[in-house]
2 protein chains.
Amino acid sequence: MTLPSSEQLPQLGEFGLITRIADRVAVDGNVITGIGDDGAVTALTPGMQLVTSTDMLLEDIHFRRMWHDPYHLGRKSLAVSISDIAAMGAIPRWALLSLALPVGLSLDFVDRFMDGFLTLAGEHRVSLIGGDTCASKSGLVISVTIMGEQYPETIIRRTGAVAGDDIWVTGTLGDAALALQVVEKGGDTPLASRLLDPTPRVSAALVLAESGYATALIDVSDGILADFGHIAEQSHVGGQLFVEELPLSGSLRTEAAIMAVNPRQLALSGGEDYELCFTAHRVNREKIRENMKKCGVEVTRIGIVTPPTGIIALNSDGSRFSCLAAGFNHF
Amino acid sequence: MTLPSSEQLPQLGEFGLITRIADRVAVDGNVITGIGDDGAVTALTPGMQLVTSTDMLLEDIHFRRMWHDPYHLGRKSLAVSISDIAAMGAIPRWALLSLALPVGLSLDFVDRFMDGFLTLAGEHRVSLIGGDTCASKSGLVISVTIMGEQYPETIIRRTGAVAGDDIWVTGTLGDAALALQVVEKGGDTPLASRLLDPTPRVSAALVLAESGYATALIDVSDGILADFGHIAEQSHVGGQLFVEELPLSGSLRTEAAIMAVNPRQLALSGGEDYELCFTAHRVNREKIRENMKKCGVEVTRIGIVTPPTGIIALNSDGSRFSCLAAGFNHF
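Since the model is a prediction, treat every value here as computed from it, not as a measurement.

Q: Could you give an account of the overall build of chain A, naming the residues involved and the relevant values?
A: From N to C terminus, chain A includes 10 helices and 12 strands. Seen through its C-alpha atoms, chain A measures out along the principal axes to roughly 65 × 50 × 35 Å. Residue burial in chain A is summarised as follows: out of 331 residues, 60% are buried. Restricting to contacts in chain A with at least 6 residues of sequence separation, those with at least 24 account for 85%. For chain A, the exposed surface amounts to about 12,600 Å²; the carbon and sulfur share of it is 52%. Here chain A contributes 25 positively and 39 negatively charged side chains, and the mean placements of these two sets differ by 6 Å.

Q: An account of helix α2 (residues 70-86) of chain B is needed here, citing residue identities and associated values.
A: Over its 17 residues, α2 of chain B extends 24 Å from the first C-alpha to the last, a length consistent with the 24 Å expected when each residue adds 1.5 Å. Most of α2 of chain B is tucked away: 15 of the 17 residues are buried.

Q: Lay out the relation of the copies chain A and chain B with the relevant residues and their values.
A: At an RMSD of 0.0 Å, chain A and chain B line up after a rotation of 180° and a shift of 0.0 Å along the axis. Each copy turns onto its partner about a two-fold axis. A shared interface surface links the copies, since 100% of the contact residues of chain A are contact residues in chain B too.

Q: Could you give an account of the pattern of salt bridges, with specific residues and numbers?
A: Throughout the structure, instances matching the rule amount to 38 salt bridges over all chains. Across the salt bridge formed by Glu59 of chain B and Arg65 of chain B, the nearest N and O atoms sit 3.0 Å from each other. When its relative accessible area of 31% is taken as the criterion, Arg65 of chain B is described as partly exposed. A single network of salt bridges, built from pairs that share partners, joins Asp175, Arg194, Arg201, Asp273 and Glu275 of chain A.

Q: Just give me the short version of the sheet that holds strand β3 (residues 49-58) of chain B, but keep the residues and values in it.
A: Overall, mixed pairing links the 6 strands, which are arranged β1(A)-β2(A)-β3(B)-β6(B)-β4(B)-β5(B) in an open sheet. Bordering the open sheet on either side are β1 (31-33) of chain A together with β5 (127-136) of chain B, each of which pairs with just one other strand. In this sheet, neighbouring strand axes are inclined to one another by 20° on average, regardless of whether the strands run parallel or antiparallel. Taken together, the 3 bridges between strand β2 (residues 40-42) of chain A and β3 of chain B define a ladder with antiparallel strand orientation. Bridge pairing in β3 of chain B places Thr42 of chain A opposite Leu50 of chain B. Where helix α1 (residues 8-22) of chain B meets the sheet, its contacts fall on β4 (91-102) and β5 of chain B, and the angle it forms with β5 of chain B comes to roughly 165°.

Q: If you had to explain the sheet that holds strand β8 (residues 214-219) of chain B to someone new, which residues and values would you point to?
A: Residues and elements named next belong to chain B. Taken together, 6 strands build an open sheet; the order of strands is β8-β10-β7-β11-β9-β12 and the sheet is mixed. The strands lining the two open edges of the sheet, one partner per strand, are β8 and β12 (311-314). For this sheet, the mean inter-axis angle between neighbouring strands, taken without regard to orientation, is 25°. Looking at chain direction, strand β9 (residues 238-242) and β12 are connected through 4 bridges and run parallel. Residue pairing in the sheet places Gln240 in a bridge with Ile312 of β12.

Q: Can you tell me about the environment of Glu272 of chain B, naming the residues and giving the values?
A: Residues and elements named next belong to chain B. With respect to the helices, strands and loops of the structure, Glu272 is situated in the loop between α9 (263-269) and β10 (276-280). For Glu272, a relative accessible area of 21% puts it in the partly exposed group. Each C-alpha atom of the pair Glu272 and Val220 lies 6.6 Å from the other, and the pair is 52 residues apart in sequence. Look past the residues within four positions of Glu272 in its chain and what remains in contact with it is Lys76, Ala176, Arg194, Leu195, Val220, Ser221 and Asp222. Within the structure, the side chain of Glu272 is placed 3.2 Å from the side chain of Tyr274, a separation counted as a polar contact.

Q: Now, about the interface of chain A and chain B: what can you tell me, with residues and values included?
A: In this assembly, 64 residues from chain A lie in contact with 65 residues from chain B. A salt bridge links Arg158 of chain B to Asp38 of chain A; the shortest N-O distance between them is 3.2 Å. The interface formed by chain A and chain B contains 23 residue pairs in polar contact (both at pLDDT 80 or more). For the side of chain A that touches chain B, the element with the most residues is strand β3 (residues 49-58) of chain A, which contributes 9 residues.

Q: Which residues make up the pairing of strand β7 (residues 166-170) of chain A, and what values go with them?
A: All names here are of chain A. Counting buried residues along β7, 5 of its 5 residues qualify, which places the element largely inside the surrounding structure. Burial along β7 is two-sided: Asp166, Trp168 and Thr170 facing one way and Ile167 and Val169 facing the other are all buried. The pairing of β7 with strand β10 (residues 276-280) spans 4 bridges and is classified as antiparallel. Pairing of Trp168 across the sheet is with Phe278, part of β10. Pairing of β7 with strand β11 (residues 299-306) involves 5 bridges; the strand directions are antiparallel. What sits directly across from Val169, in β11, is Thr300.

Q: I'd like a rundown of the packing of aromatic side chains, residues and numbers included.
A: Residue and element names in this part refer to chain A. This structure, assessed with the given rule, holds 4 aromatic pairs over all chains. With a centroid separation of 6.4 Å and 25° between ring planes, the pair formed by Phe113 and Phe117 is classed as stacked. With Phe113 and Phe117 both in helix α3 (residues 107-123), this residue pair falls 4 residues apart, about one helical turn.

Q: Any details on unusual backbone geometry? Residues and values, ideally.
A: Residues and elements named next belong to chain B. Even without being a glycine, Glu272 presents a positive backbone phi close to 70°. Its identity as a non-glycine residue notwithstanding, Tyr274 has a phi of 55°, on the positive side. Mapped onto the fold, Tyr274 is located in the loop between α9 and β10.

Q: Just give me the short version of the domain arrangement of chain A, but keep the residues and values in it.
A: All names here are of chain A. According to the domain assignment, chain A consists of domain 1 (8-153) and domain 2 (156-314). Spacing between the C-alpha centres of domain 1 and domain 2 amounts to 26 Å. Taken together, the contact between domain 1 and domain 2 spans 20 residues of the former and 21 residues of the latter. When the buried area of domain 1 at its contact with domain 2 is split by residue, Trp67, Lys76 and Ala87 rank highest and sum to 32% of it. The interface formed by domain 1 and domain 2 includes 3 salt bridges. The closest approach of N and O atoms between Arg64 and Glu184, which form a salt bridge, is 3.9 Å. Taken together, domain 1 and domain 2 are joined by 6 residue pairs in polar contact (both at pLDDT 80 or more).

What counts as what
- Residues numbered from 1 in each chain as written.
- Chains lettered and ligands numbered in written order.
- Predicted model: local features only at pLDDT ≥ 70, side-chain atom pairs only at ≥ 80, totals over all residues.
- Heavy atoms only, no water.
- Helix = DSSP H or I, 4+ residues; strand = E, 2+ residues; numbered from the N terminus.
- Buried < 20%, exposed > 50% of the residue type's maximum accessible area, 1.4 Å probe, protein only.
- Contact = heavy atoms within 4.5 Å.
- Areas by Shrake-Rupley, 256 points an atom, 1.4 Å probe, with all protein chains shown as cover.
- Lys, Arg positive; Asp, Glu negative; His and termini not counted.
- Charge placed at Lys NZ, Arg CZ, Asp CG, Glu CD.
- Expected span 1.5 Å × (residues − 1).
- Least-squares fit on C-alpha atoms with pLDDT ≥ 70 in both.
- Salt bridge = Lys/Arg side-chain N within 4 Å of Asp/Glu carboxyl O.
- Pairing = 2+ DSSP bridges.
- Axes fitted to C-alpha atoms, helices over the stretch in contact; angles between N-to-C directions.
- Polar contact = N/O pair within 3.5 Å; in protein donor to acceptor, adjacent residues only side chain to side chain.
- Phe/Tyr/Trp six-rings, centres within 6.5 Å; stacked < 30°, edge-to-face > 60°.
- Domains from an automatic or database assignment.
- Buried area = accessible area lost by both parts, 1.4 Å probe.

This is how it looks when you write it as structure tokens:
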């Protein structure tokens, strides 16, 4: 590892940095022209459609350099975008990365950020094919565009949920929200990796897409209440969420008890878990459990789709659970 | 026009803003799913490959709100990306737009920015299919990703220039660089539109691509010296640029004389003209002139590709022209 130096980036220059990054990129067979021309050229698998998404991450809005190390920041920058492609049931293929680098940022920081970004890219066979770099007079800005592909009939949208469908979620909820509360105060928690290094549920999403069981699909980035809300709005349905069925990790239960916060509130309204929320007809219940088991992903039935009469969170006795917040408004 | 109000954006919220933008977007036939899902879905023309590019524009780095009105900033944000697709000889199709909005920015600013963005998009039949919005604790950040398409054999890269080829450029050079000097000092100039509202040379690029005459192509964003330099590097060639042949506008000559700057220095090293620089075999000289005339674009032969012995700028007597700067280093 090289020592951080604020002198290195200005000496390297914009094109030096681009070459430094390009030299590390593994180029896949379906990349015709990668980094280094006015545009990148790629070939879609015949018969597939293009699925694209973009995310911007700003320092002190989405992350803090104080608690987000560059390697994991690099991973997460790509992970949140890959998660969007997974949430369409599509196969992630190519990424574009733009970085606005604060004056004085060390080249070592950029190198370790790229380590994380390219490692996650490699894990998902995503090729970095282009981007943009410039200086920032304030904080670090990261913009990632991800492109994926899928056969038209296999893509899963937010629009297909039907009253009577089950509502499912993968993994556990609320972990990232609790971790955020801890790391923002300078603390540490075994749940930190859920916040700092989220796992996009690509294989589970693809199994689901290929099975045809999911009627609607979204990734949980704003909290299950807000994200199922997007499905409800776009499918013109409502929903009942069974609060006591929400999957909570052991660590979340333990830490929430210590902090005297209600883990179910975190599970409902806390963002950044990057799990999958989907709906499916009840006849496919067992097949869904089997399929998810095969790809090593826990899956929990957490509610039922209703006619469009709003979304309510219910306790097991049928009384309404009172939610404190629903998602996050950036403005 | 509504009066600016810093209260409107927080009331509207992130999803309100997205809906407000989505409601204005004209959706094209090849957009299967536009704004509003985890990813956008589009269909490429069968047989074509995907061409992508991304640009990030930061306040006080790439533009100042003091002299860049929101409408033209919106146009330019997309124009620079469309120019990259043109520089591949590809057809621009779909765009993603991410905005980080400073606290207190008026909704009116965003509306007028979108007016400009969507007007230019309409002029080029580009569909806005997605993006991201968030708050910024410092300046406005704009990130645009553009996707285009083209048949593989029609795409033009930076790599095909051959010693003996002519070097060509469209339009005039140096205008944007002079305009930058003027507007940065708070002045006005007839050349301001070259800086604030550049015209991506899409139709000229497509005519060139379909003709098959251009051996290499790039858009002039960093100055002809730097940008031909990219062709030279990637084609493993050198070049002689005939300084007295560089196309200068009447306004540039007049204004440069008043300001006592050498317009040829601006033409060589000034960025942001977004003209096309290309190389072509000399047998195609007349056909190129005819083709460009048909699409109403001036074209000038400004040099000759040489073996890889560097790039030199020559006066008409064969003596070397001394360049003061070559392009812009962001760091």
